[in-house]
Amino acid sequence: MKERVAHICSLLPPARVYADVGCDHGFMAKYALGHGLCERVYITDIHAGSLKKAETLLRREIAAGRCVPVLCDGLEGVPEPCDFVLIAGMGGEEIVKILQRDGIPARFLLQPMKNAEKVRRFLVGSGAKPERDYTFSEGEGERRRYYDVILGCAAGGGGYSEKEFRFGRDNINGNSPYPFLFQMKEELCKTEERLQGRLGAASREKLRARQLQLEEIISEVEATL
Ligand SMILES: C[S@@+](CC[C@H](N)C(=O)[O-])C[C@H]1O[C@@H](n2cnc3c(N)ncnc32)[C@H](O)[C@@H]1O
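About the criteria used
Residues numbered from 1 in each chain as written. Predicted model: local features only at pLDDT ≥ 70, side-chain atom pairs only at ≥ 80, totals over all residues. Helix = DSSP H or I, 4+ residues; strand = E, 2+ residues; numbered from the N terminus. Rg over C-alpha atoms; globule rule 2.2 N^0.38 Å. Contact = placed C-beta atoms within 7 Å. Buried ≥ 20, exposed ≤ 12 C-beta atoms within 10 Å, placed from the backbone. Arc of directions from axis to C-beta. Near = placed C-beta within 6 Å. Nonpolar A, V, L, I, M, F, W, Y, C, P; charged D, E, K, R; others polar. Pairing = 2+ DSSP bridges. Axes fitted to C-alpha atoms, helices over the stretch in contact; angles between N-to-C directions. Left-handed = near helix turned anticlockwise from the far one by under 90°. Parallel < 35°, antiparallel > 145°, perpendicular 65-115°, else oblique.

A few words on the overall build of the protein. Across its full length, the protein holds ten helices and seven strands. For 225 residues, the compact-globule estimate of 2.2 N^0.38 gives 17 Å, and the C-alpha radius of gyration of the protein, at 19 Å, lies within 12% of that figure. With respect to the three principal axes, the spread of C-alpha positions in the protein is 60 × 35 × 30 Å. Across the protein, every contact between residues at least 6 apart in sequence was considered, and the portion connecting residues at least 24 apart equals 58%.

Glancing now at helix α6 (residues 116–125). Inspection of α6 places A116, V119, R120, L123 and V124 among the buried residues, and these make up the whole buried set. End-on view of α6: buried residues confined to an arc of 120 degrees, all on one side of the axis. Packing partners of the buried residues in α6 comprise α5 (92–102), β5 (107–112), β6 (129–138), β7 (145–153) and α7 (162–167). After α6 finishes, the residue G127 shows a positive phi value of roughly 90 degrees.

A separate point is the site of the ligand. Around the ligand, a shell composed of 17 residues is seen, among which G22, D24, S50, A88 and G89 lie nearest. Those elements that place two or more of their residues in the shell around the ligand are β2 (40–45), β4 (84–90) and α5. Per-element tally for the shell around the ligand: the top contributor is β4, with three residues. The residue inventory of the shell around the ligand, partitioned by class, reads seven nonpolar, six polar and four charged.

Before going further, it helps to spend a moment on the environment of V149. Position of V149 among the secondary structure elements: in strand β7. Judged by local crowding, V149 falls into the buried class, with 23 C-beta atoms found within 10 Å. With 14 residues separating them in the primary sequence, V149 and T135 have C-alpha atoms 6.3 Å apart. Those residues in contact with V149 that lie beyond four places of it in its chain are I8, L11, L109, Q111, R132, Y134 and F136.

To continue, consider the sheet that holds β4. Read from one edge to the other, the open sheet built from seven strands follows the order β3-β2-β1-β4-β5-β7-β6, with strand pairing classed as mixed. Every interior strand has two partners, whereas the edge strands, β3 (67–71) and β6, have only one. Within the sheet, the average angular offset between the axes of one strand and its neighbour, ignoring direction, is 15 degrees. Examined bridge by bridge, strand β1 (residues 17–21) and β4 share four bridges and lie parallel to one another. Looking at β4, one finds that D20 is bridged to L86. Packed on one face of the sheet, α6 meets β5, β6 and β7 and runs near 10 degrees to β7.

This part covers the packing of helix α1 (residues 3–11) against helix α2 (residues 27–34). For the pair α1 and α2, interaxial distance at closest approach is 10 Å and the crossing angle is 40 degrees. Relative to α2, α1 is oriented so that their crossing is right-handed. Between α1 and α2, the residues in contact are V5, I8 and C9 and F27, M28 and Y31, respectively.

To continue, consider the packing of α5 against α6. α6 packs onto α5 with a crossing angle of 25 degrees between their chain directions and a minimal axis gap of 7 Å. The angle between α5 and α6 falls in the class roughly parallel. Judged by the sense of rotation from one axis to the other, the crossing of α5 with α6 is right-handed. Residue-level inspection shows G92, E93, I95, V96 and L99 of α5 in contact with α6, the latter providing A116, K118, V119 and F122. Residue classes in the contact of α5 with α6 are distributed as six nonpolar, one polar and two charged.

Any functional reading would require information that these geometric values do not contain.
Laid out in structure tokens, this is it:
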């Protein structure tokens, strides 16, 4: 199992009925059922080929009625409300589109591959409460990759600061500083390298602004350590 998938599995909460939206391989649903985290899981995917992979992996659970495959967009074809919904490995805009149309589930775990800020703005703007909101990493050195994850519930949310929307609440409040700090420092190095090259005035100004923003957020996070 890839580190990203294993990390997501480690965050899965107990709930009666799960949905794994965009299940593809189906590893997360398999893990949830195998670890007794839920009674039943709907696995959905918009592509028949992807759903087929999960159906193969989960054939025994499907035969036992504990896993129900649904070929659909988001949660559109799921016949009952789910206590917990996982949407991982999709773009943030696609995640927002699904939640806008199908509603924010009682509990959710979202792992957007990009545009995490748009997901945060949508959730908080809709009254949802992100309980964990941080960056984790997979791999080492050149191969290291960073992912945002947001775990929370539909109600009870408060406000977010602009920095929390932009960077993720736990990344900047000292609850989960490290992978985020590595990511910001890597980005700062790349920005500084690019500033050494030949650039037009507008590009240089933009990069310089990014450099200052990164330096500021790095020192703020380091102050929480
Ligand atoms: C990169 S895979 C991620 C698989 C798995 N969730 C993970 O995190 O490893 C994204 C999957 O989402 C599916 N998908 C994309 N948009 C979707 C939508 N609107 N509704 C359901 N599935 C969707 C794709 O077909 C694909 O199988």
